[in-house]
Amino acid sequence: MIGSKRFLPAEWHAQSAVMLTWPHPDTDWAPYLDEAYICFAEIANAVAARELLLVVCPYPELVWPHILPEYKANVRVVSVPSNDTWARDHGPITVIQNGALRLFDFTFNGWGMKFAANFDNQINRRLVEQSVFNADVVYENQLSFVFEGGSIESDGEG
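I will try to describe carefully the structure that is included in this document. A quick note: this is a predicted structure, and the numbers were derived from the prediction, not measured.

1. Structural notes on the sheet that holds strand β4 (residues 75-78)
- The strand order β2-β3-β4 describes an open sheet built from three strands, whose pairing is parallel. The open sheet has two edge strands, β2 (18-21) and β4, and neither has a second partner. Along the sheet, successive strands turn relative to each other by an average axial angle of 20°, direction set aside.
- One ladder, built from four bridges, connects β2 with strand β3 (residues 53-56); its direction is parallel. Across the sheet, Thr21 pairs through a bridge with Val56, a residue of β3.
- Here helix α1 (residues 33-48) sits on the sheet in contact with β2, β3 and β4, set at roughly 165° to β2.

Okay, structure coming up:
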């Protein structure tokens, strides 16, 4: 769009929530679930102490025992199938255009199809279907473009 101001916010830009994809028995974490839950619980509680946390997991009952009672009000768990826990790679890419949030949904291919990503690729669409995002979600041509959110960085200056 000509004349529009569009930028990729930096990591430290104000955000409305953090998205975390939880490990479960159907992931590569299966042999290490007890250890993974300890680590993910620390991450989840640290985030929820400061801001809203969106947790994606096909089995919400696996998440809740790890969230401290004082933070449960700040956690939203959404039941969505997932292959693994790469939320920074399969989650939407947030862009701010003319002051409005736009979420871009690209294809995640499990690091060059090294790992299954069929469910991970559907997470953003399923969250949209459940009205989880409060932003315009953009799909135009993105689904045919492979892109991992963890592969980019921005200073927030354009």
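That covers the picture; the talk isn't over yet.
2. Things to note about the pairing of strand β5 (residues 93-97)
- Along β5, four of the five residues are buried, which leaves the element largely enclosed by surrounding structure.
- Where strand β1 (residues 6-7) lies against β5, two bridges are found, and the strand directions are antiparallel. What sits directly across from Phe7, in β5, is Ile96.
- In the sheet, β5 pairs with strand β6 (residues 100-104) via five bridges, with the strands oriented antiparallel. Directly across from Gln97, in β6, lies its bridge partner Ala100.
- With antiparallel pairing between neighbouring strands as the criterion, β5 and β6 make up a hairpin whose turn holds two residues, including Asn98 at a positive phi of roughly 50°.

3. What about the sheet that holds β5?
- Read across the sheet, four strands follow the order β1-β5-β6-β7 without closing on themselves; strand pairing throughout is mixed. At either margin of the open sheet sits one strand with a lone partner, and together these are β1 and β7 (136-138).
- The pairing of β6 with β7 spans three bridges and is parallel. Directly across from Arg102, in β7, lies its bridge partner Asp136.

Conventions used here
- Residues numbered from 1 in each chain as written.
- Predicted model: local features only at pLDDT ≥ 70, side-chain atom pairs only at ≥ 80, totals over all residues.
- Heavy atoms only, no water.
- Pairing = 2+ DSSP bridges.
- Helix = DSSP H or I, 4+ residues; strand = E, 2+ residues; numbered from the N terminus.
- Axes fitted to C-alpha atoms, helices over the stretch in contact; angles between N-to-C directions.
- Contact = heavy atoms within 4.5 Å.
- Buried < 20%, exposed > 50% of the residue type's maximum accessible area, 1.4 Å probe, protein only.

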